[in-house]
Every structure is written in structure tokens, then in C-alpha cells.
Amino acid sequence: MPIVRKFNAALSALAMTLAAQTARAEDSAALFNANVKPLISGHCTDCHGEDVQKAGLRLDTLPADLHDDAVMANWVKVLDKLAAGEMPPKKRQRPPQNEINAATQWLSRELRAASLDRQQKRGRVVLRRLNITEYENTLRDLLGTQVQVKDLLPEDNSAAGFDNVSAVLDLSATHLLRFQDAAERAVLSAVPTHPPVQFSNARSGREMTENGPNFRQTLSRSCKLQGDALVIYSKLPRYGLCSSGPVPIDGRYHVQLSACAVGEGLRSVPAAFMTVQNGPEQPVTFDCRDIPVGKPSVIEVDVDLKRGQQFVLNYLSNWDIRIFKKPIDEYTGPGLMVEWIKVQGPIDPFPSPSYRVLFGDVPLKARSVLAAEARGARLPVISDKRTADQWASDPLVPDSANPRQDADRLIRAFLPRVPPAGQPAGAAAFR
Ligand code: HEC
């Protein structure tokens with residue numbers, strides 16, 4: 001995939017920054033008297049002179065020696081005000097343009113030279129590479145994927161507890177290679193392995209209780225069946241959850257559920273929308289809703305699910321119905337009735353915005369198709385019933401007819417997203 005390799009080079013260069021060298025300007029106090037003095041004495045000293053010092057600034061005695069920090073700081077302000085046309089104030093007569101030009105040119109040149117000189121004597125404020133956390137975050141901001149690269153990169157040193165200090169963020173040959181590996185993984189994270197494999201699953205309350213092997217324990221204790229609907233009176237435990245079927249691939253899914261609150265004199269009950277991964281983990285709540293009483297109504301929500309994850313609905317209550325010693329059918333307190341839960345998706349656009357950002361309109365083809373094309377052989381037929389597992393062994397790859405030109409065009413379009421050194425990429429970068 002030559003086009004992917006081209007991107008690696010561009011992205012790994014992100015970690016490094018080059019500093020430019022500037023030429024040394026010549027020093028001359030005589031030029032100060034010729035270029036700056038006339039403007040100051042003619043247009044500034046009324047307010048920044050011996051008698052009056054507006055803003056505490058005196059200019060007639062401000063020396064031309066830019067190597068003094070305080071003096072330099074004042075000349076920087078003067079240059080800024082002159083360049084912005086803010087001094088002298090608007091109500092005063094404008095100095096002739098050639099005087100302004102002469103002064104600003106001298107000041108810019110000398111200030112730059114003084115700053116360079118200072119840098120050489122005291123050392124520059126060093127530009128540094130991103131540390132690995134910053135690098136990972138920047139990749140995520142730029143590409144819009146949740147790629148993880150920390151495990152590929154050598155651990156950063158730290159100085160006095162800080163891991164973003166230039167002096168200890170070294171950049172060895174190993175770093176360069178590892179940053180390239182990381183960039184490759186990041187680029188690949190934007191390439192889908194397969195077209196969206198559509199999934200849809202609906203479960204009635206009754207079917208949910210039949211799916212969990214341990215549901216029998218909870219049934220008739222914290223919940224009950226009423227027809228095909230499940231009525232929940234206490235928060236359901238991990239081993240008997242009111243949930244959709246697990247999804248076969250990562251993606252964003254559309255969930256619909258039919259539910260209502262039950263119980264005498266009630267307006268609504270709180271319910272938690274959660275996700276759970278197969279295995280011993282606890283469900284994680286991502287939203288809470290009030291479910292109204294009356295007839296069951298359909299509630300819809302979109303949720304990101306990883307392969308094998310399920311959508312879970314639970315009753316948000318700390319009350320334990322076991323305190324009610326009588327049979328559950330006699331209970332008339334608040335409860336959450338769930339008729340069914342349906343999940344379908346993934347609903348993400350294909351290919352993803354992340355892919356578009358990197359590869360534009362470069363088409364995706366199965367690797368086997370690409371190989372056959374290259375050999376001039378007969379093209380394999382890809383069944384539209386292919387499962388995610390089958391796709392994993394013959395994934396999609398970007399297919400560019402002109403990798404060089406495409407890479408050039410796409411990288412040019414991509415680079416403006418990279419923030420200037422020192423600025424975070426931010427969400428704005430991913431548009
Ligand atoms: C009519 C009075 C007046 C004249 C003439 C005048 N200034 Fe000012 N200057 C002010 C006042 C008032 C302030 C403070 C308010 C402001 O910053 O706008 C100020 C602020 C400044 C500051 C900002 C100081 C600081 O610490 O923020 C600079 C620099 C400056 N003037 C430069 C000049 C220069 C250079 C000239 C001549 C080309 C000039 N001024 C002419 C009235 C004047």
C-alpha cells in the first residue's frame with residue numbers, strides 16, 4: 001500500500017520540528033539617531049517625554065541599547081504601536097510615512113538581531129518533539145479515530161515529574177522508526193477492513209429472560225414476566241440483564257425500545273441506558289431517561305458499541321424488592337416495563353469521515369481483488385454474505401491507480417489540518 005507509506009512519512013514528521021536560522025544584522029547606533037530619533041522627538045515626546053509620561057513610558061531618554069531586557073521590551077512595544085498605526089493617537093497629526101518606515105525598519109532589524117544574539121548567548125527556548133501522550137492525542141484529533149500507539153513508542157523520560165521537557169525528550173534513530181510504526185498504525189486505523197455488515201436483532205422481554213442462563217434467579221425476585229413483557233422492580237444484577245443481543249462488529253448502532261413505567265400514582269420512573277461487554281465486566285451507563293407511565297412507547301437512541309457489546313436497559317432504583325415479603329404479583333409499587341429492545345446498524349457513513357480525510361475518494365477493494373487485477377487474473381467474487389471474520393482474512397485496501405499523484409494531492413490537502421507548533425489540534429482540526 002504505497003499510498004499509506006507516503007502518509008507515514010508526513011505524519012511521523014509531525015513529531016519533529018525544524019528551527020530556522022536567520023542572518024545576523026549589522027549593529028549601528030548612528031542609524032538609530034538618523035532613523036528613529038526624529039520621529040520620537042517630533043511626534044512622541046509631548047506625551048512620552050520629560051514632563052509627561054503617558055502609560056509610564058518615557059521615549060526621549062530610552063537608549064538605543066537593545067541588549068538590556070527592559071529597554072528591549074519597551075522598543076518592542078513602540079514597534080508594535082507604530083506598525084499598528086496606534087501611536088501617535090488618532091487625534092494627533094500623522095507623522096510622514098517615510099519617517100514611520102525608517103523607524104519601523106530600523107527597529108525590526110535591530111530587535112531581531114538582539115533577540116538572535118540573546119538566543120546564542122543564553123540558549124534558545126528549545127522547540128521540542130511531542131511526548132507520546134501528546135502524539136497519540138494529536139493523531140486522534142487529526143484522524144478522528146481512537147487509535148492507540150503508546151505501546152509502540154519508547155517511554156518518555158521525565159524531568160522533575162514533567163514529561164514534556166525538551167531537554168529529556170530525546171529523538172534517537174529508534175524513535176524515528178517507532179514514530180513511523182505508530183503513524184502507520186494510525187493511518188491504517190482509518191481504513192475499514194470491510195463494508196458495513198448489517199446487523200439487526202430484536203428481543204422481547206421474555207426472550208431476554210431466556211437468553212441469560214441465570215435469569216431464572218432474578219425472575220420472580222426483582223422482576224417478572226407479564227405476557228411477553230418484562231417488568232423490573234429492582235435494579236437487575238449482572239447475571240440477568242435486560243439487554244439487546246451482542247453486536248458482531250464495532251460501530252454506531254440505532255437502538256429502539258418499547259417501555260413504560262408501571263405502579264400506582266406514578267408519573268415516571270428513571271431508567272439507565274448502558275452498555276456491557278460479554279464477560280465479567282459491569283455495565284457502563286451512558287445516559288439516563290425518565291420513562292413515562294401509560295401505554296409502552298418507543299424510545300430511540302444511538303450508541304457506539306464494540307464487537308460483542310450489548311445495549312442494556314436498567315431500572316435506576318436502590319430499593320430492593322426482596323423487602324416486600326409477599327409474592328411479586330401482589331406488588332403494586334413502581335416498576336419499569338420493557339416490551340422489547342431492538343438494535344440495528346452499524347449506521348456510520350461508509351467509508352468513515354476518517355478515511356475520507358486521509359484517502360479522499362480513493363476507492364476501497366478487497367485485497368484478493370487487487371492481487372487478481374495486478375496479475376491480470378480472473379477477479380474473485382466477493383459474496384455480500386461475507387462475515388466480519390471472513391473479511392478479516394481478506395480486508396479492504398485503498399486502491400489508487402496513480403499512487404504518487406494521489407499521495408501528493410492527498411497529503412497536500414491533509415497538511416493544513418496539522419496545527420502550527422505549540423498549538424493543540426483540537427476538535428476543530430477534524431472537519
Ligand atoms: C497625545 C499624547 C500621545 C502621543 C503624542 C503619543 N502617545 Fe503613546 N500613549 C499615549 C497614551 C495616553 C497612552 C496610554 C494608552 C494607550 O495605550 O493607548 C500611550 C501608550 C503608548 C504605548 C504603550 C505603552 C505601554 O506600556 O503599553 C506606546 C509604546 C506608545 N504610546 C508609543 C508612542 C509613540 C512611539 C509615539 C510617537 C510616535 C506616541 N506614543 C505618541 C499618548 C500619546
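Residues numbered from 1 in each chain as written. Predicted model: local features only at pLDDT ≥ 70, side-chain atom pairs only at ≥ 80, totals over all residues.

(A) Representation of the overall build of the chain in the model. When helices and strands are tallied, the chain shows 14 helices and twelve strands. By the burial criterion, 27% of the 431 residues in the chain qualify as buried. A separation of at least 24 residues holds for 76% of the contacts in the chain among residues at least 6 apart in sequence. (Helix = DSSP H or I, 4+ residues; strand = E, 2+ residues; numbered from the N terminus. Buried ≥ 20, exposed ≤ 12 C-beta atoms within 10 Å, placed from the backbone. Contact = placed C-beta atoms within 7 Å.)

(B) Spatial organisation of the site of the ligand. Among the 17 residues in the neighbourhood of the ligand, the closest are listed as C44, C47, K54, A55 and M87. Contributions of two or more residues to the shell around the ligand are made by α3 (37-43), α4 (45-48) and α5 (69-84). If one sorts the elements of the shell around the ligand by residue count, α5 sits on top with four residues. When grouped by side-chain class, the residues that make up the shell around the ligand number ten nonpolar, two polar and five charged. (Near = placed C-beta within 6 Å. Nonpolar A, V, L, I, M, F, W, Y, C, P; charged D, E, K, R; others polar.)

(C) Spatial organisation of the nonpolar core. Core analysis: the biggest nonpolar cluster contains 34 residues, and I232, C242, L336 and V338 have the highest contact counts within it. Broken down by secondary-structure element, the contributors of at least two residues to this core are β3 (229-232), β5 (251-262), β6 (268-277), β8 (297-305), β9 (309-315) and β10 (335-345). Sequence-distant contacts of L336, defined by excluding residues within four places in its chain, comprise I232, A259, A261, V269, A271, I291 and Y315. (Core = buried A, V, L, I, M, F, W, Y, C linked by C-beta atoms within 7 Å.)

(D) Structural detail: α5. For α5, with 16 residues, the first-to-last C-alpha span of 23 Å sits near the 22 Å given by 1.5 Å per residue. Burial in α5 covers these residues: W75, V78 and L82. Looking straight down α5, one finds that the buried residues subtend no more than 55° of arc, so they occupy a single side. In this structure, α5 carries D69, A70, A73, K77 and A84 as exposed residues pointing more than 90 degrees from its buried face. Buried residues belonging to α5 abut α6 (97-122). Directly beyond the C-terminal end of α5, a positive phi value near 70° is found at G85. (Expected span 1.5 Å × (residues − 1). Arc of directions from axis to C-beta.)

(E) How the structure looks around the sheet that holds strand β7 (residues 284-292). Strand order across the open sheet formed by four strands is β4-β9-β6-β7, with antiparallel pairing between neighbours. Among the strands making up the open sheet, the edge pair consists of β4 (242-243) and β7. With seven bridges connecting them, β6 and β9 associate as antiparallel partners. Within β9, the residue paired with A271 across the bridge is Y315. (Pairing = 2+ DSSP bridges.)

(F) Structural context of the pairing of β5. Relative to β8, β5 runs antiparallel, the two sharing nine bridges. Among the inter-strand pairings, S258 is bridged to a residue of β8, identified as V298. Taken together, the nine bridges between β5 and β10 define a ladder with antiparallel strand orientation. What sits directly across from A259, in β10, is V338.

(G) Here's a closer look at unusual backbone geometry. Across the junction of M87 and P88, the peptide omega takes the value -5°, indicating a cis bond. Here P88 shows up in the loop between α5 and α6. Omega for the peptide link from G345 to P346 comes to 0°, which places this bond in the cis form. Within the secondary structure layout, P346 lies in the loop between β10 and α11 (353-359). Here A55, not a glycine, exhibits a phi torsion of approximately 55°, which is positive. Considering the arrangement of structural elements, one finds A55 in the loop between α4 and α5. Since 9 C-beta atoms lie within 10 Å of it, A55 is described here as exposed.

(H) Summary view of the confidence of the model for the chain. Residues of the chain with pLDDT of at least 70 account for 87%, and the chain-wide mean is 84. When the criterion is pLDDT under 50, residues 14-26 qualifies, and its contacts beyond four places in sequence or with other chains add up to 19 contacts. When the criterion is pLDDT under 50, residues 426-431 qualifies, and its contacts beyond four places in sequence or with other chains add up to nine contacts. (pLDDT = per-residue confidence, 0-100.)

(I) Expanded view of the environment of H194. Residue placement: H194 occurs in the loop between α8 (173-189) and β1 (199-204). Residues H194 and L396, 202 residues apart in the sequence, show an inter-C-alpha distance of 5.6 Å.

(J) Layout of the packing of α5 against α6. The contact between α5 and α6 brings their axes to 10 Å, and the two run at 140°. The orientation of α5 with respect to α6, classified from their angle, is oblique. The element α5 and its partner α6 pack so that their crossing is left-handed. Taken together, the residues of α6 that come into contact with α5 (itself represented by M72, W75, V76, V78, L79, L82 and A83) are I100, A103, T104, L107, S108, L111 and A114. In terms of residue class, the contact of α5 with α6 is made up of twelve nonpolar, two polar and no charged. (Axes fitted to C-alpha atoms, helices over the stretch in contact; angles between N-to-C directions. Parallel < 35°, antiparallel > 145°, perpendicular 65-115°, else oblique. Left-handed = near helix turned anticlockwise from the far one by under 90°.)

(K) Geometry of the environment of A29. When you line up the elements, A29 lands in helix α2 (residues 29-35). Residues A29 and A64, 35 residues apart in the sequence, show an inter-C-alpha distance of 6.7 Å.

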